[in-house]
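A closer look at the structure
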Amino acid sequence: MRKIILILILQLLMITNILAADIKAGKDKSIMCSACHGANGIGTAPGYPNLAGQKRKYLESQLKGFRDGQRQSPIMQPFAKDLSDEDIENLSEYYSSLK
């Protein structure tokens, strides 16, 4: 019985890793963000927020809001409108990993 539980736990961990967002893909995609939010997620001017170290779920929510029109911004909406859910997850994972 213990072996079965151990096997199930290991399988769950493998699935979690497979489904995890891709930090490298997020970094690659972040090139379009760096003019305003900086190469390391630190805003380049006072009006541009820092993204480095923000919580992943918060970043996902904000990007989806811009993309889906729930959050209005003439600056952000053109960038966010073509992002897939996967792009948003990857970008959010990348920026949340920065300190």
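Structural notes, computed from the coordinates. (Residues numbered from 1 in each chain as written. Predicted model: local features only at pLDDT ≥ 70, side-chain atom pairs only at ≥ 80, totals over all residues. Heavy atoms only, no water.)

Tracing the sequence through the fold places P78 in helix α5 (residues 76–80). With a relative accessible area of 45%, P78 lands in the partly exposed category. Measuring from C-alpha to C-alpha, the distance between P78 and L8 comes to 44 Å, with 70 residues separating the pair along the chain. (Helix = DSSP H or I, 4+ residues; strand = E, 2+ residues; numbered from the N terminus. Buried < 20%, exposed > 50% of the residue type's maximum accessible area, 1.4 Å probe, protein only.)

Take the layout of surface pockets next. In this approach, a probe sized like a water molecule rolls over the atoms, and the result shows the empty space that is left. Size it by volume and the largest pocket reaches roughly 530 Å³. Forming the boundary of the largest pocket are 25 residues, of which H37, P49, L51, F66 and M76 lie nearest the centre. Elements with a contribution of two residues or more to the lining of the largest pocket: α3 (34–37), α4 (56–68), α5 and α6 (85–97). Counting residues per element, the lining of the largest pocket draws most heavily on α4, which supplies five residues. In terms of residue class, the lining of the largest pocket is built from 17 nonpolar, seven polar and one charged. (1 Å grid on protein atoms, 1.4 Å probe; cavity = no way out; pocket = protein on both sides within 12 Å on 5 of 7 lines; lining within 4 Å. Points joined across faces, edges and corners; volume = space filled by probe spheres on them. Nonpolar A, V, L, I, M, F, W, Y, C, P; charged D, E, K, R; others polar.)

Attention shifts here to the nonpolar core. L63, L83, L91, Y95 and L98 are the most contacted members of the largest nonpolar core, which has 14 residues in total. Mapped by element, the contributors of at least two residues to this core are α4, α5 and α6. With four residues, the top contributor of residues to this core is α6. Not counting chain neighbours up to four residues away, the residues in contact with L91 comprise G26, K29, S30, C33, L63 and L83. (Core = buried A, V, L, I, M, F, W, Y, C linked by side-chain atoms within 4.5 Å. Contact = heavy atoms within 4.5 Å.)

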